[in-house]
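Structural overview
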Amino acid sequence: MSNIYESAATTLGLFNSPCLTKVELRVACKGISDRDALSKPDPCGVLKMQSHGQWFEVDRTEVIRSSISPVFSKVFTVDYYFEEVQRLRFELHDISSNHNGLKEADFLGAMECTLGQVTMTSWKPQVTAEELSGNDDYVELAFSAKKLDDKDFFSKSDPFLEIFRVNDDGTASLVHRTETIMNNLSPVWKSFKVSLNTLCSGDHERELKCTVWDWDSNGKHDFIGEFQTTFKEMKAAMDGKQIQWECINPKYQVKKKNYRNSGMVILTMCKIIKMHSFLDYIMGGCQIQFTVAIDFTASNGDPRNSCSLHYIHPYQPNEYLKALIAVGEICQDYDSDKMFPAFGFGAQIPPDFKVSIQGVVEAYQNCLPKIQLYGPTNIAPIIQKVADSASEEMHTKEAMEYFILLILTDGVITDMADTREAIVHASHLPMSVIIVGIGNADFSDMQMLDGDDGILRSPKGEPVLRDIVQFVPFHNFKHASPAALAKSVLAEVPNQVVDYYNGKGIKSLLCSPRLAYLPTPNF
């Protein structure tokens, strides 16, 4: 084992605390300050968690238009550790209708809390937490309506549907809000998927309250009607039948003698989707194929100069090595032969094309004196090469390999259009891309690839099928443990693996679980 590898590996402190349970967090706000005299804000909530003194984004809510008291339908799911103080930060941003990202949004306020106690600051959110049961299955539902009441004078109603779960204490939690169908009294809403935990806490007889509204641009939506049901009742639609409910306005029911209803709401589809976990696929034989790509462009500086990002210090690993080892140490445990393709931008790394993590480190050290750094920073060919392998695997009968490409780069990508095209293509394949930015360059354009500020599209406008890219700037972790970097860059991979296999309906991996033989320790 090389000194560099050994010294870097010993600094790794992995998170060994077992996850005690998972909790769902729901967020609502009241009385947001209206900073724009001409219109109400379009709020979006962002959840961040603190790790090693730094805040990292976990997820964000949908944008609710024209609202000073939004109730977000987005549910945050987080791991709960009894023995840790888990600090959360909820931020509220006003997202312009012309932009979906946070860069141009107005910051409205924030609050910080733990999972045990909420401390109010500049805005007043309501944060509720609920422990999840063991049922991870999802249900896909599709609703339509007919002959809804017309609430508009010069046009027809613009209806949307909200579904609430009635809790044991009588309160109601928003489960889903459909899109708005403009100018239509017989809308057909898009189907949606929701976990059974979220829908009914796994209790098929729990009451569900459904409300239909007429959307108004000023945020003061007009009530059309409501009805109550249960998931047990909804399941009757699983046999291809349609179930319908009368949409009732209680005020009209009292005031109007001949009142029957304010329309009918129809459940046109109900389908239970068995969700398998990351460990289900790993234990069923899925192999993680890990590939490394290292940036050898001239912007890194001469490796012989101590200022170079590629400079090899005899005792202190550089940022490339730290990132490589932090991520590779984890990925190698899910690869049976522990041999990884290793590439450089423009040239393969000698002496071998497939080496272990230790071998990648040694090959990296050995090749630096033998190569000349150059440019530009083109990563699309690397993505396409790994995608070719993933494409071949996708067409095999067993489809037992999932590919992870780790790209370590110091600069802004120069083939952004081709890279976007390659990522959109790769989003259909068993593949994820992790990009770690090395050094102090401006990586703002890289965030586009991550998909956090909106859906990534190819230059032709084709959207990604699923989010497969995670970008992390290394300088955010300069003063943190390498394990924190590994946790951040790999956090999305399990869900990406599950999304791919579940989306493809691939269950063959689960038929014959494999035994894992651990090496005998040397005492």
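Residues numbered from 1 in each chain as written. Predicted model: local features only at pLDDT ≥ 70, side-chain atom pairs only at ≥ 80, totals over all residues. Heavy atoms only, no water.

Before going further, it helps to examine the overall build of the protein. When helices and strands are tallied, the protein shows 12 helices and 23 strands. Counting every position in the protein, which comprises 523 residues, the buried fraction comes to 48%. A separation of at least 24 residues holds for 72% of the contacts in the protein among residues at least 6 apart in sequence. (Helix = DSSP H or I, 4+ residues; strand = E, 2+ residues; numbered from the N terminus. Buried < 20%, exposed > 50% of the residue type's maximum accessible area, 1.4 Å probe, protein only. Contact = heavy atoms within 4.5 Å.)

Quick look at the sheet that holds strand β16 (residues 264-273) now. The strand order across the open sheet built from 4 strands is β12-β9-β16-β15, with neighbouring strands paired in antiparallel fashion. The sheet terminates laterally at β12 (192-195) and β15 (243-246), the two strands that pair on one side only. For this sheet, the mean angle separating the axes of adjacent strands, direction not counted, is 35 degrees. Bridge count between strand β9 (residues 138-146) and β12: 4 bridges; the pairing is antiparallel. Considered in β12, the bridge of Y138 is made with S195. (Pairing = 2+ DSSP bridges. Axes fitted to C-alpha atoms, helices over the stretch in contact; angles between N-to-C directions.)

This part takes up the packing of aromatic side chains. Applying the stated criterion across every chain yields a total of 13 aromatic pairs. With centroids separated by 6.4 Å and ring planes inclined at 15 degrees, the aromatic side chains of F143 and F192 adopt a geometry described as stacked. You can see F143 sitting in strand β9 and its partner F192 sitting in strand β12, a full 49 residues away along the chain. The pair F143 / F192 is uniform in exposure class, with both members buried. Ring centres of F290 and F340 lie 5.3 Å apart, and the angle between their planes is 85 degrees; this geometry places the pair in the edge-to-face category. In this pair, F290 is assigned in strand β17 (residues 287-294) and F340 in strand β18 (residues 340-344), connecting sequence segments 50 residues apart. (Phe/Tyr/Trp six-rings, centres within 6.5 Å; stacked < 30°, edge-to-face > 60°.)

Attention now goes to the nonpolar core. Among the nonpolar cores identified, the biggest contains 48 residues, and L408 and V436 are the most heavily contacted of them. Per element, the largest residue contribution to this core is 8 residues, and it comes from helix α6 (residues 319-331). (Core = buried A, V, L, I, M, F, W, Y, C linked by side-chain atoms within 4.5 Å.)

In this section: helix α12 (residues 493-504). Taking 1.5 Å per residue, 12 residues should reach 16 Å; α12 reaches 17 Å between its end C-alpha atoms and fits that length. By the burial criterion, the buried members of α12 are V493, Q496, V497, V498, Y500, Y501 and N502. The inward-facing, buried residues of α12 contact α5 (278-283), α8 (380-394), β21 (401-409), β22 (431-437), β23 (469-473) and α11 (482-490). G505, located one to two residues past α12, shows a positive phi value of around 70 degrees. (Expected span 1.5 Å × (residues − 1).)

This brings us to the packing of α6 against α11. Orientation of α6 relative to α11, taken along the N-to-C sense of each, is 65 degrees, at an axis distance of 9 Å. Crossing of α6 against α11: the hand is right-handed. Of the residues in α11, those in contact with A323, A326, V327, I330 and C331 of α6 are P482, L485, A486, V489 and L490. Its residues placed into classes, the contact of α6 with α11 shows 10 nonpolar, no polar and no charged. (Left-handed = near helix turned anticlockwise from the far one by under 90°. Nonpolar A, V, L, I, M, F, W, Y, C, P; charged D, E, K, R; others polar.)

So, about the pairing of β18. Counting buried positions over the 5 residues of β18 gives 5, a clear majority of the element. Judged by which residues are buried, β18 turns out to be covered on both faces: F340, A342 and G344 on one side and P341 and F343 on the other are all buried. Each parallel crossover has a hand, and for β17 linked through α6 to β18 it is right-handed. (Right-handed = clockwise from strand over helix to strand, strands pointing away.)

In this section: the pairing of strand β3 (residues 54-60). Across a regular strand the side chains alternate sides, sitting on one face of the sheet and then on the other. For strand β2 (residues 43-51) and β3, the ladder comprises 6 bridges, and the chain directions are antiparallel. The residue of β3 that forms the bridge with V46 is R60. Once β2 ends, the chain turns through 2 residues before running back antiparallel as β3, passing H52 with a positive phi of about 55 degrees.

Using the criterion set out here, one finds 14 salt bridges in the structure. The partner of E62 in a salt bridge is R177, with the nearest N and O atoms 3.3 Å apart. Linking E62 in the loop between β3 and β4 (76-80) with R177 in strand β11 (residues 172-177), this pair joins segments that are 115 residues apart in sequence. Assessed through its relative accessible area of 23%, E62 is described here as partly exposed. For R177, a relative accessible area of 22% translates into the label partly exposed. Between R177 and E162 there is a salt bridge; the shortest N-O distance is 2.8 Å. (Salt bridge = Lys/Arg side-chain N within 4 Å of Asp/Glu carboxyl O.)

Further remarks concern α6. Look at α6: 18 Å from first C-alpha to last across 13 residues, which is about the 18 Å you get at 1.5 Å a residue. Buried residues dominate α6, accounting for 10 of its 13 residues. Turning to α6, its buried residues number three or more, namely E319, Y320, L321, A323, L324, I325, A326, V327, G328 and C331. One side-chain oxygen of the residue at the start of α6 lies 3.0 Å from the amide nitrogen of Y320, identifying that residue as N318. (Polar contact = N/O pair within 3.5 Å; in protein donor to acceptor, adjacent residues only side chain to side chain.)

Here H310 lies in the loop between β17 and α6. Reaching out from H310, the side chain makes a polar contact with the backbone oxygen of D295 at a distance of 2.7 Å. Beyond its immediate stretch of four places on either side in the chain, H310 contacts I294, D295, F296, N300, P303, N318, Y320, Y364, L368 and L373.

Spatially, the 4 strands line up as an open sheet ordered β11-β10-β13-β14, and their pairing is antiparallel. Every other strand in the sheet has two partners, leaving β11 and β14 (222-230) as the edge strands with one partner each. Neighbour-to-neighbour, the strand axes of the sheet open up by a mean angle of 25 degrees, direction not taken into account.

Another point: the side chain of D137. By the secondary structure assignment, D137 is in the loop between β8 (124-131) and β9. For D137, a relative accessible area of 13% corresponds to the buried category. Residues within four places of D137 in sequence aside, it is in contact with S195, L196, I272, I273, K274 and M275.

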